[in-house]
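Okay, here's what each chain looks like letter by letter:
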Amino acid sequence: MTQFEQFINDVTNDAFLKAVENDSGFISISELDQIIFAHDFYEYAELDTIQEAVEQIEIILEKNNRIVVSPIRNGKVA
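Q: Mind laying out the packing of helix H2 (residues 29–38) against helix H4 (residues 47–63), listing which residues take part and the relevant values?
A: Relative placement of two packed helices is described by the angle separating their axes and the distance separating the axes. At a minimum axis distance of 12 Å, the contact between H2 and H4 shows a crossing angle of 135°. If you check the angle between H2 and H4, you find them oblique. By crossing handedness, the relation of H2 to H4 is classed as right-handed. Within the contact between the two elements, H2 uses Ile29, Leu32 and Ile36 and H4 uses Val54, Ile57, Glu58 and Leu61. Residue composition of the contact of H2 with H4, grouped by class: six nonpolar, no polar and one charged.

Pasting the structure below:
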């Protein structure tokens, strides 16, 4: 598995876990951003590479109904 693929896998797994922890069952964009920024790959990868990975991660989360663009308040979609 490449570092790119590992980044997608790690972030997606962490995002799923965070979504399950939330009462809403969703992860917000800001929560996803926090997971991405915390990953080691983010520090040294090119911006284009990160953008491509994030697009793939968001598609996976959308297909599995785990990401929401609307604000989440008190663990529920507003």
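Back to the write-up after that little detour.
Q: Give me the lowdown on the pattern of salt bridges, citing residues and values where you can.
A: With the rule as written, the count across this model stands at two salt bridges. Its salt-bridge partner being Glu21, residue Lys18 comes within 3.9 Å of it at the nearest N-O pair. Taken as a pair, Lys18 and Glu21 lie in helix H1 (residues 3–21) at a separation of three residues, close to a single helical turn. Between Lys18 and Glu31 there is a salt bridge, with its nearest N and O atoms 4.0 Å apart. Taken together, the residues span a long stretch of sequence, with Lys18 in helix H1 and Glu31 in helix H2 at a distance of 13 residues.

Q: So what's going on with H1? Residues and values would help.
A: Given 3.6 residues per turn, any residue in an α-helix points the same way as the ones three and four places further on. Here H1 contains 19 residues, and its C-alpha end-to-end distance of 27 Å stays within 8% of the 27 Å for a straight helix at 1.5 Å per residue. Turning to H1, its buried residues number three or more, namely Phe7, Ile8, Val11, Thr12, Ala15 and Ala19. Along the axis of H1, the buried positions cluster into a sector of 120°, meaning they face one direction only. Seen from the buried face of H1, the exposed residues on the opposite side, beyond 90 degrees, are Gln3, Leu17, Val20 and Glu21. Lining the buried residues of H1 we find strand S1 (27–28), H2, helix H3 (40–44) and H4.

Q: Break down the environment of Phe4 for me, citing the residues and quoting the values.
A: Relative to the elements of secondary structure, Phe4 occurs in helix H1. Put simply, Phe4 and Thr49 are 45 residues apart on the chain and 7.9 Å apart in space, counted from C-alpha to C-alpha. With sequence-adjacent residues up to four places away left out, Phe4 is seen in contact with Phe41, Thr49, Glu52, Ala53 and Gln56.

What counts, and where the lines are drawn
- Residues numbered from 1 in each chain as written.
- Predicted model: local features only at pLDDT ≥ 70, side-chain atom pairs only at ≥ 80, totals over all residues.
- Heavy atoms only, no water.
- Axes fitted to C-alpha atoms, helices over the stretch in contact; angles between N-to-C directions.
- Helix = DSSP H or I, 4+ residues; strand = E, 2+ residues; numbered from the N terminus.
- Parallel < 35°, antiparallel > 145°, perpendicular 65-115°, else oblique.
- Left-handed = near helix turned anticlockwise from the far one by under 90°.
- Contact = heavy atoms within 4.5 Å.
- Nonpolar A, V, L, I, M, F, W, Y, C, P; charged D, E, K, R; others polar.
- Salt bridge = Lys/Arg side-chain N within 4 Å of Asp/Glu carboxyl O.
- Expected span 1.5 Å × (residues − 1).
- Buried < 20%, exposed > 50% of the residue type's maximum accessible area, 1.4 Å probe, protein only.
- Arc of directions from axis to C-beta.

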